[in-house]
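Reading the structure
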Amino acid sequence: MASATLNTLASLLQSAVSSRSSVVGRATHAMIIKTIDSPFPTFICNHLVNMYSKLDLLDSAQLLLSLIPAQDRSVVTWTALISGSVQNGHFSAAILHFRNMHHDSIAPNDFTYPCAFKACNSLRSPVTGRQLHGLAIKSGQIHDVFVGCSAFDMYSKIGLKDDANKMFDEMPVKNLATWNAYISNAVLDGNPRKAIDAFIKSRRLSGEPTSITFCVVFNACSDALFLQIGKQIHAFVIRYGYEHHVSVANSLIDFYGKCKDITSAHLVFNNISSHNDVSWCSMVSAYEQNNEGDKACILFLQAMRNNIEPKDFIISSVISACAGISSLETGRLIHSLAIKSCIDGNIFVGSALVDMYAKCGNIEDCEKVFDEMPERNLITWNALLSGYAHLGQSNMAISLFEQMKFEVKPNYVTFVSVLAACSRAGEVKLGMNVFDSMKLRYGIEPGVEHYACVVDMLGRGGMVESAYEFIKRMPCRPTVSVWGALLGSCKVHGYNEIGKIAADNLFQLDPQDSGNHVILSNMFAATGRWEDANLVRMEMKDVGIKKSTGYSWISVKNSIHTFQSKDTSHEQNPEIQSMLTKLKNQMKAAGYIPDTKLSLFDLEEEESESEVWHHSEKIAIAFGLCVIPPGVPIRVTKNLRICLDCHSAIKFISGIVGREIIVRDNNRFHRFKNYECSCRDYW
């Protein structure tokens, strides 16, 4: 047969591989059988084995190889079978084929060894990897730069760091791919500084960096938050003309997002001439990481208008953004889109949904998503556990913790939520046992978050002096959260002197936080120490500390309505004021007495009973009652801590109107229902 015909058939087999069309491949094979006498030319056999193995039709590939006479099988034939097995995830089969090739007395070449090393890496098989390394040394192939790089990469990913370093040092030639592998493995090993140093060294020894080089080095800068170094490398990107390369630009967006430089991330995003799925995902994620959830949601909608496929990464990022801004309605919309796209069962999307519903105060949907997930990981369990703890369902959190220990190993974050749950449930003994088990049973060193939970737990139990002694014994320096927990317990239980100590430490750590000054002045006022209360207030004025303006907002039909104290600017203000008056009369009839005793030092300047009544959260709730149908929970978010009077008033409102009211302030969730709050009046 003419060589032109054979070459055409070979080209058709290659086309079948590139288009991943088994139909074209089998049709071409049929044509070969019909037109070419047996035995087929060796290079046609090699193309057939390559085609079947690359298209994941390994049974056909092996059958075809078995029909080739032993003397006609070459290293190309075996390497095609091994390579196809590795590409399709059949790593054990690849090693078996390598062994059979060895038994056939066929020597591997510089294409065979990298495939075999990759199979060992994926199987996490150091014994087989070392055997392959020995064969490569014996055959002299180990000095080939690609074989040596593959052996180094295998040792690195398996975790044999000493072998990897020795392999790298002994390589006579290191090309750019070798340095890229070294930098990438340093990042995966959690050593970004080592990765940056390798990048600098590679610039002195090797040629120009590639897009892969820049991508891996930006991953290193992201992990370590090396903003200034990353900016210098960005200059290299511009110098080598990669600023418009999509993969490099995406890495830059991710880097700037993680380093909280959202302006630079946005500039890079705008400079990309053609955005792909990853570009949109990276920018949405950058907004979400910088607590700009509203912008993340807007950008996500733009991505959908640009026909970007809603994949798991961008969906999970925008769901997390909804969680950050407590946008339940938008979160539900994204949830429905995930269901429509058949990715709601994805473990990352599911975990994000559990977290979103928990942070939006909807524990029922949170539990439902959790129960329906086909697969759960530690993040999923922690999300539900945290939701229970913050929504006041402490007993459920403790019960879940006992259950999850049989499924996954708890981590640092897990114990923060469990200790917070023990604190809010009043389970001091259980909480201390959990705290002690962290290091003894799980080998987790307690951090300041755990110490703050213990201080809060002891304080809630009325053991304020024990909490103070516990702080004195802490091996690390107490933070704002630790002293804040102690100050809160002093406020509740009337320990003014210890409260003064806690407040003084807070003033040093965070001198501009007006909330701590307000709490201390309220404590003094509550016990009639008006001079001390006035002194704290005057100190605030002397150093220029002003209380942040309080805002409350509520989401209705995908619109956010924001209110300030005494706000009358809303277009539905007449209905809001009418609702406030109606509620006030009903509440007074039910026994509510406005708490104006501490109003002078609580939130606003010399508030009267009327002014206390017009705090932003009360206005937001009144608006919600006007526009949200009966039976639907009212969900309000506030940027400051809810005041004593509002907390008392909302308990009355929840019982009078028969509605569940969920308020998320800057400290925790308050779930009001039937004249009670989930926080048990301690926050």
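This structure is a prediction, so every number in the text was calculated from the model and none was measured.

Comments concerning the overall build of the chain
Looking only at helices and strands, the chain features 37 helices and six strands. Expressed along its principal axes, the backbone C-alpha trace of the chain runs to roughly 105 × 55 × 50 Å. Across the 683 residues of the chain, 51% fall into the buried class. Intrachain contacts of the chain at a sequence separation of at least 6 include 63% that bridge at least 24 residues.

Section: the nonpolar core
Counting 179 residues, the largest nonpolar core has Leu48, Met283, Ile315, Met356 and Leu486 as its most contacted members. The leading source of residues in this core is helix α21 (residues 347–359), at eight residues. Counting residues in hydrophobic clusters, the runner-up holds 31 residues, among them Ile576, Leu580, Cys643 and Ile661.

What about the pairing of strand β4 (residues 661–664)?
Working note: regular strand, side chains alternate between the two faces of the sheet. Examined bridge by bridge, strand β3 (residues 634–638) and β4 share four bridges and lie parallel to one another. From the neighbouring strand, Thr637 faces β4, where its bridge partner is Arg664. Handedness of the crossover is the feature at issue here: the chain leaves β3, passes through helix α37 (residues 644–657), returns alongside β4, and the resulting connection is right-handed. With four bridges connecting them, β4 and strand β5 (residues 669–673) associate as antiparallel partners. Residue pairing across strands places Ile662 opposite Arg671, the latter belonging to β5. In this structure, the hairpin formed by β4 and β5 is closed by a connection of four residues.

Things to note about the packing of aromatic side chains
Under the definition given, this model contains 24 aromatic pairs. Taking 5.4 Å as the distance between ring centres and 50° as the angle between the ring planes, the aromatic pair formed by Phe152 and Phe168 counts as tilted. With Phe152 in helix α9 (residues 145–158) and Phe168 in helix α10 (residues 161–170), this residue pair connects regions lying 16 residues apart in the sequence. There is no split in this pair, since Phe152 and Phe168 are both buried. Ring centres of Phe255 and Tyr256 lie 4.8 Å apart, and the angle between their planes is 50°; on these two criteria the pair is classed as tilted. For the pair formed by Phe255 and Tyr256, the shared burial category is buried. Seen from the ring of Phe168, Lys174 lies directly overhead, with NZ or CZ sitting 5.0 Å from the centre.

A short note on α21
The first and last C-alpha atoms of α21 sit 18 Å apart over 13 residues, in line with the 18 Å expected at 1.5 Å per residue. Most of α21 sits out of view: eleven of its 13 residues are buried. Within α21, the full set of buried residues consists of Ile347, Val349, Gly350, Ser351, Ala352, Leu353, Val354, Asp355, Met356, Tyr357 and Ala358. Summarising the contacts, the buried residues of α21 are in contact with α19 (312–324), α20 (328–340), α22 (363–372), α23 (378–390) and β5. Once α21 finishes, Gly361 follows within two positions and takes phi at roughly 80°, a positive value.

Description of the pattern of salt bridges
Pairing between side chains becomes possible if they bear opposite charge and their charged atoms approach one another. What the rule picks out here adds up to 20 salt bridges. When the shortest N-O distance is used, the salt bridge between Arg193 and Asp197 registers 3.3 Å. Of this pair, Arg193 and Asp197 are both found in helix α12 (residues 192–205), four residues apart, which corresponds to roughly one turn of the helix. Taken together, the shared-partner salt bridges connect Glu364, Glu660 and Arg671 into one network.

Observations concerning helix α18 (residues 293–305)
With 13 residues, α18 extends 19 Å from end C-alpha to end C-alpha; this agrees with the ideal 18 Å at 1.5 Å per step. Here α18 has its buried residues at Gly293, Ala296, Cys297, Leu299, Phe300 and Ala303. Here the buried residues of α18 occupy an arc of 165° about the axis, which is enough to place them on one side. Those residues of α18 that are buried are in contact with α16 (262–271), α17 (277–289), α19 and α20. Following α18 by one or two positions, Asn307 adopts a phi angle in the positive range, close to 60°.

Thoughts on the sheet that holds β5
Pairing in this open sheet of six strands is mixed, and the strands run β2-β1-β3-β4-β5-β6 from one edge to the other. Each edge of the open sheet carries a strand with a single partner, namely β2 (559–564) and β6 (676–677). Across two bridges, strand β1 (residues 551–556) lies against β3 in antiparallel orientation. From the neighbouring strand, Ser552 faces β3, where its bridge partner is Lys638. Where α37 meets the sheet, its contacts fall on β4, β5 and β6, and the angle it forms with β5 comes to roughly 40°.

Some thoughts on the UniProt feature "repeat: PPR" (unreviewed entry) in the chain
Sites flagged by UniProt as "repeat: PPR" (unreviewed entry) map to residues 74–108, 276–310, 346–376, 377–407 and 411–446. The span residues 276–310 shows a helical share of 74% and a strand share of 0%, and its end C-alpha atoms are spaced 12 Å apart. As a span, residues 377–407 carries 77% helix and 0% strand, and end to end its C-alpha atoms are 9 Å apart.

Re the side chain of Ser264
Here Ser264 shows up in helix α16. Side chain to side chain, Ser264 and Asp261 meet in a polar contact 2.8 Å long.

Overview of the packing of helix α27 (residues 448–460) against helix α28 (residues 464–472)
At a minimum axis separation of 7 Å, α27 and α28 run at an interaxial angle of 160°. On the basis of the axis angle, α27 is roughly antiparallel to α28. Taken as a pair, α27 and α28 cross one another with a handedness that is right-handed. Of the residues in α28, those in contact with Tyr451, Val454, Val455, Leu458 and Gly459 of α27 are Val464, Ser466, Ala467, Phe470 and Ile471. Residues belonging to the contact of α27 with α28 are distributed by class as follows: eight nonpolar, two polar and no charged.

Notes on the environment of Ser92
By the secondary structure assignment, Ser92 is in helix α6 (residues 91–103). Ser92 gets classed as exposed once you look at its relative accessible area, which sits at 51%. In the structure, Ser92 is positioned 524 residues away from Ser616 in sequence and 65 Å away in space, judged by C-alpha atoms.

What about the pairing of β1?
Across six bridges, β1 lies against β2 in antiparallel orientation. The residue bridging Ser555 from the neighbouring strand is Ile560, located in β2. With antiparallel pairing between neighbouring strands as the criterion, β1 and β2 make up a hairpin whose turn holds two residues, including Lys557 at a positive phi of roughly 50°.

Cut-offs used in this document
- Residues numbered from 1 in each chain as written.
- Predicted model: local features only at pLDDT ≥ 70, side-chain atom pairs only at ≥ 80, totals over all residues.
- Heavy atoms only, no water.
- Helix = DSSP H or I, 4+ residues; strand = E, 2+ residues; numbered from the N terminus.
- Buried < 20%, exposed > 50% of the residue type's maximum accessible area, 1.4 Å probe, protein only.
- Contact = heavy atoms within 4.5 Å.
- Core = buried A, V, L, I, M, F, W, Y, C linked by side-chain atoms within 4.5 Å.
- Pairing = 2+ DSSP bridges.
- Right-handed = clockwise from strand over helix to strand, strands pointing away.
- Phe/Tyr/Trp six-rings, centres within 6.5 Å; stacked < 30°, edge-to-face > 60°.
- Lys NZ or Arg CZ within 6 Å of the ring centre and 35° of its normal.
- Expected span 1.5 Å × (residues − 1).
- Salt bridge = Lys/Arg side-chain N within 4 Å of Asp/Glu carboxyl O.
- Arc of directions from axis to C-beta.
- Axes fitted to C-alpha atoms, helices over the stretch in contact; angles between N-to-C directions.
- UniProt positions renumbered as here; feature names shortened; annotations may be inferred.
- Polar contact = N/O pair within 3.5 Å; in protein donor to acceptor, adjacent residues only side chain to side chain.
- Parallel < 35°, antiparallel > 145°, perpendicular 65-115°, else oblique.
- Left-handed = near helix turned anticlockwise from the far one by under 90°.
- Nonpolar A, V, L, I, M, F, W, Y, C, P; charged D, E, K, R; others polar.

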